[in-house]
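# Structural overview for review
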Amino acid sequence: MEFTAKQIADLIQGKVEGNEQATVHTFAKIEEGVPGAISFLSNPKYMHFIYETQSSVVLVNEDVVFEKPVSATLIRVKNAYESVAKLLQFYESTKPRKTGIDPLASISPKATIGEDVYIGAFAVVGDGAVIGNGTQIYPHVVIGDGVTIGEKCLLYANVTIYQGCKLGNNVTIHAGTVIGADGFGFAPNAEGYDKIPQIGIVVIEDDVEIGANTCVDRSTMGQTIIHKGVKLDNLIQVAHNCEIGENTVMSAQAGMAGSTKIGKWCMVAGQVGFAGHIHISDKTLVGAQAGVMKDTKPGDKVMGYPAINHLTYMKARALDPKLPEMYLQIAALQRELDELKKIVTIER
């Protein structure tokens, strides 16, 4: 499918500089641009590529100033990064959707399947499961008994949804993710551990996307809840009875211990660990590899292990290279002090 620069500009409310009839049929990174591709420039670090890229069209912020002439046709927009996201979404929506139920799928006669649903080979749908209209279930997905899945969801290969869990509309879950496995609950006894049955469920609200090989555990009682608009990366662990607020985003390898509550619009970087039974307030920002051990206040920015205010953390880390020199200075001062003590003792 091919589009002109003018058509693209109209779609994203941009302004064309150059040839309005320049055509594109693919996307490319600005440093890997080829004729017929559209690229974008939003990070100043990549500015030098604009002068040599072979892409036919480049999206740029409306206020960017160039030092030299640019051969590519430009489309100026308020936010190039947001605009390319819209274009990619549009491009994705033009791809044909899979439909139909593969004869190799195993579907319980007690399940309810909506209209325009795709179910791939070797997928399993259990008793009492409900699949909403327009949902796509790829091969080897397992939908447990009593699971409810809303409309226009997308479950990639090898996703497993345990019994009783509930998914809203427009939920995307990538390959290998497990929703509703038992929470980690064991009670020690004289001979080992007694398993605590996990009788709750997982509830995932509308417009959530969960990356590959992530695990969201069912609650001991009640619900583990992923609220509307949450985006989880690959390889994340959400423990039993946790709750993640609306529009929070979390990067890969983060992990939440049981009963942790994370507020709305939080941003969590990679490899962050959360202690159990704490509350992370709305709009908290957590830096990579932080260990969050206590509650935060709205708008906090924390880093480090244990996590502290990000400015305090950065100031402390700035001193790290000076520590060997400071150690030698302190040792020298200590020796001088010891000598002074000796002199004072002798004079007495």
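In this text, all values refer to a predicted model and were calculated from it rather than measured experimentally.

Next up on the list: the overall build of the protein. Counting its secondary structure elements, the protein contains four helices and 40 strands. Expected size for 348 residues packed as a compact globule is a radius of gyration near 20 Å; at 27 Å, the protein overshoots this value by more than 25%. Taken along the three principal axes of its C-alpha coordinates, the protein extends 100 × 75 × 30 Å. Expressed as a percentage of the 348 residues in the protein, the buried residues total 40%. Intrachain contacts of the protein at a sequence separation of at least 6 include 17% that bridge at least 24 residues. Element-wise, carbon and sulfur atoms account for 56% of the exposed surface of the protein, whose accessible area totals about 19500 Å².

Take a nonpolar patch on the surface next. Among the surface-exposed residues, Leu 319, Leu 323, Met 326 and Ile 330 lie close enough to one another that they form a single nonpolar patch of about 350 Å² accessible area. Here the element with the most residues in the nonpolar patch is helix H4 (residues 323-347); it accounts for three residues. By secondary structure assignment, the location of Leu 323 is in helix H4.

Here we take up the state of the cysteines. Summed over all chains, the structure comprises zero disulfides. Cys 215 forms no disulfide, and the closest cysteine sulfur to it belongs to Cys 165, at a distance of 12 Å. Considering cysteine sulfurs only, Cys 215 is the nearest to Cys 242, which forms no disulfide, with 13 Å between them.

Quick look at the nonpolar core now. A general tendency of soluble globular proteins is for nonpolar side chains to be buried together. Ile 143, Ile 161, Ile 204, Met 250 and Phe 274 are the most contacted members of the largest nonpolar core, which totals 50 residues. Setting aside residues up to four positions removed in sequence, Ile 204 forms contacts with Lys 166, Leu 167, Gly 168, Val 171, Ile 173, Ile 179, Ile 210 and Ile 226.

Attention now goes to the environment of Asn 213. Relative to the helices and strands, Asn 213 resides in the loop between strand E25 (209-210) and strand E26 (215-217). Judged by relative accessible area, which is 44%, Asn 213 ranks as partly exposed. As for Asn 213 and Ile 280, which are separated by 67 residues in sequence, their C-alpha atoms are 24 Å apart. Setting aside residues up to four positions removed in sequence, Asn 213 forms contacts with Ala 175, Gly 176, Thr 177, Leu 235 and Ile 236.

This paragraph deals with the packing of helix H1 (residues 5-12) against helix H2 (residues 80-93). H2 packs onto H1 with a crossing angle of 105° between their chain directions and a minimal axis gap of 10 Å. In terms of axis orientation, H1 runs roughly perpendicular to H2. Counted together, Ile 8, Leu 11 and Ile 12 of H1 and Ser 83, Leu 87 and Phe 90 of H2 form the full contact between these two elements. For the contact of H1 with H2, the per-class residue count stands at five nonpolar, one polar and no charged.

This brings us to the side chain of His 240. Tracing the backbone shows His 240 in the loop between strand E29 (237-238) and strand E30 (243-244). At 3.0 Å, the side chain of His 240 forms a polar contact with the side chain of Gln 198. Setting aside residues no more than four positions away along its own chain, His 240 makes contact with Gly 183, Phe 184, Gly 185, Gln 198, Asp 217, Arg 218, Ser 219, Thr 220, Thr 224, Gly 258 and Ser 259.

Attention now goes to the sheet that holds strand E28 (residues 231-232). Strand order in the open sheet made by the 12 strands is E8-E11-E14-E17-E20-E25-E28-E31-E34-E37-E39-E40, with mixed pairing throughout. Taken across any chain shown, the strands that pair with only one partner, and hence form the sheet edges, are strand E8 (100-101) and strand E40 (308-309). With two bridges joining them, strand E11 (residues 118-119) and strand E14 (residues 136-137) adopt parallel strand pairing. When the bridges of E14 are listed, Tyr 118 appears paired with Gln 136.

With that settled, the discussion passes to the pairing of strand E5 (residues 37-41). Along E5, four of the five residues are buried, which leaves the element largely enclosed by surrounding structure. Strand direction decides the pairing type here: strand E4 (residues 26-27) and E5, joined by two bridges, are parallel. Considered in E5, the bridge of Phe 27 is made with Ile 38. Bridge count for E5 against strand E6 (residues 57-61) is four bridges, and the pairing is parallel. What sits directly across from Ser 39, in E6, is Val 58.

Here the focus is unusual backbone geometry. The amide bond that connects Tyr 305 to the next residue, Pro 306, takes the cis arrangement and shows omega of -5°. In this structure, Pro 306 sits in the loop between strand E39 (301-303) and E40. At Lys 152, a residue that is not glycine, the phi angle is positive and equals roughly 55°. Within the secondary structure layout, Lys 152 lies in the loop between strand E16 (148-149) and strand E17 (154-155). Backbone geometry places Trp 265, a non-glycine residue, at a positive phi of 55°. With respect to the helices, strands and loops of the structure, Trp 265 is situated in the loop between strand E33 (261-262) and strand E34 (267-268).

Basis of the calculations
- Residues numbered from 1 in each chain as written.
- Predicted model: local features only at pLDDT ≥ 70, side-chain atom pairs only at ≥ 80, totals over all residues.
- Heavy atoms only, no water.
- Helix = DSSP H or I, 4+ residues; strand = E, 2+ residues; numbered from the N terminus.
- Rg over C-alpha atoms; globule rule 2.2 N^0.38 Å.
- Buried < 20%, exposed > 50% of the residue type's maximum accessible area, 1.4 Å probe, protein only.
- Contact = heavy atoms within 4.5 Å.
- Areas by Shrake-Rupley, 256 points an atom, 1.4 Å probe, with all protein chains shown as cover.
- Patch = residues over 30% accessible without salt bridge, like charges linked within 9 Å, V, L, I, M, F, W, Y side chains within 5 Å.
- Salt bridge = Lys/Arg side-chain N within 4 Å of Asp/Glu carboxyl O.
- Disulfide = S-S within 2.5 Å.
- Core = buried A, V, L, I, M, F, W, Y, C linked by side-chain atoms within 4.5 Å.
- Axes fitted to C-alpha atoms, helices over the stretch in contact; angles between N-to-C directions.
- Parallel < 35°, antiparallel > 145°, perpendicular 65-115°, else oblique.
- Nonpolar A, V, L, I, M, F, W, Y, C, P; charged D, E, K, R; others polar.
- Polar contact = N/O pair within 3.5 Å; in protein donor to acceptor, adjacent residues only side chain to side chain.
- Pairing = 2+ DSSP bridges.

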